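Examination of the molecular architecture
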Amino acid sequence: MKIESCIDSLVSYAMNCGLAEPEDHQVLTNRLLDLLQLDSYEPSDELLSEDLEEILAGMLDYACTKGLCDDNITAKDLFDTRIMAALTPMPREVIRTFREKYERNPVEATDWYYKFSCDTDYIRRYRIRKDMRWKYTSDYGDLDITINLSKPEKDPKAIAAAKNAPQTAYPKCLLCRENEGYAGRMNHPARGNHRILPIRVCGADWCLQYSPYVYYNEHCIVFNGAHIPMKIDKSAFEKLLDFVGIFPHYFVGSNADLPIVGGSILSHEHFQGGHYTFAMEVAPVKAELSFAGFADIRAGIVNWPMSVIRLTGDDPDRITQLADKILTCWRGYTDESAGVIAFSDGEPHNTITPIARRRGEAFELDLVLRCNITTAEHPLGVFHPHADKHHIKKENIGLIEVMGLAVLPSRLKGELAALKEAILAGSDIGADAVLSKHGDWVAELKTRHSFTEENAMDILLQETGRVFAGVLEDAGVYKNTPEGAAAFSRFVDRVNEEVSV
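Cut-offs and rules
- Residues numbered from 1 in each chain as written.
- Predicted model: local features only at pLDDT ≥ 70, side-chain atom pairs only at ≥ 80, totals over all residues.
- Heavy atoms only, no water.
- Salt bridge = Lys/Arg side-chain N within 4 Å of Asp/Glu carboxyl O.
- Helix = DSSP H or I, 4+ residues; strand = E, 2+ residues; numbered from the N terminus.
- Buried < 20%, exposed > 50% of the residue type's maximum accessible area, 1.4 Å probe, protein only.
- Axes fitted to C-alpha atoms, helices over the stretch in contact; angles between N-to-C directions.
- Parallel < 35°, antiparallel > 145°, perpendicular 65-115°, else oblique.
- Left-handed = near helix turned anticlockwise from the far one by under 90°.
- Contact = heavy atoms within 4.5 Å.
- 1 Å grid on protein atoms, 1.4 Å probe; cavity = no way out; pocket = protein on both sides within 12 Å on 5 of 7 lines; lining within 4 Å.
- Points joined across faces, edges and corners; volume = space filled by probe spheres on them.
- Nonpolar A, V, L, I, M, F, W, Y, C, P; charged D, E, K, R; others polar.
- Polar contact = N/O pair within 3.5 Å; in protein donor to acceptor, adjacent residues only side chain to side chain.
- Core = buried A, V, L, I, M, F, W, Y, C linked by side-chain atoms within 4.5 Å.
- Pairing = 2+ DSSP bridges.

**Overview of the pattern of salt bridges**
Under the definition given, this model contains 34 salt bridges. The salt bridge involving Asp474 is made with Lys389; its shortest N-O contact spans 3.0 Å. Linking Asp474 in helix H15 (residues 456-475) with Lys389 in the loop between strand E14 (362-371) and helix H12 (399-402), this pair joins segments that are 85 residues apart in sequence. Its relative accessible area of 9% is what places Asp474 among the buried residues. Overall, Lys389 belongs to the buried group, its relative accessible area being 13%. Here Glu444 makes a salt bridge to Arg448, at a shortest N to O gap of 2.7 Å. Taking relative accessible area as the criterion, Glu444 reaches 36% and is therefore assigned partly exposed.

**So, the packing of helix H1 (residues 3-17) against helix H3 (residues 52-65)**
Closest axis-to-axis distance for the H1/H3 pair is 9 Å, and the angle between their directions is 140°. Between H1 and H3, the crossing angle belongs to the class labelled oblique. Classified by chirality, the crossing of H3 by H1 is left-handed. Along the contact surface, H1 presents Ile3, Cys6, Ile7, Ser9, Leu10 and Tyr13, while H3 presents Leu52, Ile55, Gly58, Met59 and Tyr62.

**Let's talk about the layout of surface pockets**
Regions of empty space are outlined by a rolling probe, equal in size to a water molecule, passed over the atoms. In this structure, the second largest pocket spans a volume of roughly 430 Å³. Taken together, 23 residues form the lining of the second largest pocket, with Gly18, Leu19, Ala20, Pro89 and Glu93 sitting closest to its centre. Taken together, the elements giving at least two residues each to the lining of the second largest pocket come down to helix H2 (25-35), helix H5 (91-104) and helix H6 (106-119). The residue inventory of the lining of the second largest pocket, partitioned by class, reads 13 nonpolar, three polar and seven charged.

**Observations regarding the side chain of Ser307**
Mapped onto the elements, Ser307 comes out in the loop between strand E9 (298-302) and strand E10 (308-313). The class for Ser307 is buried, based on a relative accessible area of 2%. Of the polar contacts made by the side chain of Ser307, one reaches the backbone nitrogen of Val477; its length is 3.4 Å. Setting aside its immediate chain neighbours within four residues, Ser307 contacts Leu367, Val368, Leu369, Gly476, Val477, Tyr478 and Phe488.

**A look at the nonpolar core**
The nonpolar side chains of a soluble globular protein tend to be buried, and buried together. Counting residues in hydrophobic clusters, the biggest one holds 99 residues, and the most contacted among them are Leu10, Leu311, Ile326, Trp330, Tyr478 and Phe491. Broken down by element, this core gets its largest block of residues, eight residues, from H1. If near-sequence neighbours (up to four positions away) are discounted, Phe491 is found in contact with Ile309, Ile326, Cys329, Trp330, Tyr333, Leu369 and Tyr478. Counting 50 residues, the second largest nonpolar core, distinct from the first, contains Tyr215, Val302, Ala406 and Ala469.

**A word on the sheet that holds strand E15 (residues 405-408)**
The strands making up a sheet associate through hydrogen bonds between their backbones, and the pairing can be parallel or antiparallel. The strand order E1-E2-E15 describes an open sheet built from three strands, whose pairing is mixed. Unpaired on one side and paired on the other, strand E1 (132-138) and E15 mark the two borders of the sheet. Strand-to-strand twist in this sheet, taken as the mean axis angle between neighbours without regard to direction, amounts to 20°. Relative to E15, strand E2 (residues 141-147) runs parallel, the two sharing four bridges. By the bridge assignment for E15, Asp144 is matched with Leu405. Against the sheet, H15 engages E1, E2 and E15, with an angle of about 65° to E1.

**Focus on unusual backbone geometry**
Backbone geometry follows two general trends: most residues other than glycine have a negative phi, and most peptide bonds adopt the trans configuration. Note that the residue after Tyr170, namely Pro171, is joined by a cis bond; omega there is -15°. Take Pro171: it is sitting in the loop between helix H8 (156-164) and strand E3 (197-201). The phi dihedral of Glu218 is positive, around 50°, even though this residue is not glycine. The topology assignment puts Glu218 in the loop between strand E4 (204-210) and strand E5 (220-224). On the basis of relative accessible area, Glu218 is assigned to the buried category, the value being 5%. Positive phi, normally seen in glycine, also occurs at Ile260, with a value near 75°. By the secondary structure assignment, Ile260 is in the loop between strand E6 (251-253) and strand E7 (270-274). Note on Ile260: relative accessible area 21%, which makes it partly exposed.

**A word on the pairing of E4**
For E4, the tally of buried residues reaches five of seven residues, placing the bulk of the element in the interior. With five bridges connecting them, E3 and E4 associate as antiparallel partners. Residue pairing in the sheet places Pro198 in a bridge with Cys207 of E4. From the end of E3 to the start of E4, which pair antiparallel, there are two residues, and Cys202 there has a positive phi angle of about 50°. Sheet analysis places E4 next to E5, joined by five bridges and oriented antiparallel. Its bridge partner lying in E5, Tyr210 is registered against Cys220.

Interpretation note: all reported values are geometric properties and have no functional meaning in isolation.
What follows is the structure, given as structure tokens:
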């Protein structure tokens, strides 16, 4: 595409998406001419493109050719975000529109805001479509398995440029409010086309945005307006339940506040939510519980590979009170026979991953018991993916995985394809430097499956799902065995003892 055609196509795209009005045409055109350092311009007589990826690719090719942009993925992302920022409405317009729609219907408001975040290319739909997604039917329900390919991997030039880039404490982290409109740099993503919504949670200033990588539908991030650390306590439960009162069609949850069992950003208090039903939400209660003084709260142990206590009731304050008592008990609880150690050398190990949702008119809070104890046998964590599963998943099990969605590393796309070819060719997988880590797994699969050209990839995908189910079982504090059930009952008894005091 000629550069004039790219400019005209992008301005037309902005009009069609509602990012601009016809009266804005000339200003937008001039902004793009300035970015591309063009001194002259004639409207194109070419057929306009409606494909944003194609339009931006044409502009990036031009920019690289003219020396306006380095030819690497990070520099290109910085530059095309500057382009899209020229089309993105100011925060006051976005906030006003969202609030007007929210007054009519919260679903209408979030539908609009999600589409807006995609239309501005803050969420790059053409990259999200590259992700691999499939279901695995486990003993606990249909798990979501994904190989995330939408987060671009930096090439060597970009890595070197990021290393040499000046270090700065602005923005303080990837979540802070000052990311809104930030141009970015080689070691920090561009957010010129990013717009954040201010909301009030429990009377305090919080913010709502979507994740640019969208692991599930309308994957949102809710973060404190102040840069304060993650902390799971009574107030966290109050905030989660308040949020689902504001947005009853969304769930919201928090990563735990300790390493190994927590998220990747512990320095800034935040939650993750969205408009999606995970397998954990539809998993039934397998054992009902009762807690003294809380007859109004329905409680039970969820049929799930991890250890989950579900609390359901009409009054969020009452749910919060009981949840706080369970958390307080768990923080100091030790059961060495079950491998649960509350403290070692003064370091705390027990915490909770909480998830809130609405169940009809009722409020619901799932409390996932977590323990980050390590041993010589399991140096990365006793309740962490064990070594026999590291060929598939080695990373921490955070909130999203806890609920039943595997976020697997991008390397697996190529490795699974290569494994298929190696299996069908009868190659020695153990002799392959990249594939050898899968050798024991494949040897075991061959005892249960006959691989053909037609079924090989499907078998590998389904067996990858089986490994993820095993990962969740590893992360479960109380195993789904008679011994595990007895140990879980001991903890519930301890909670009741403390509640009754």
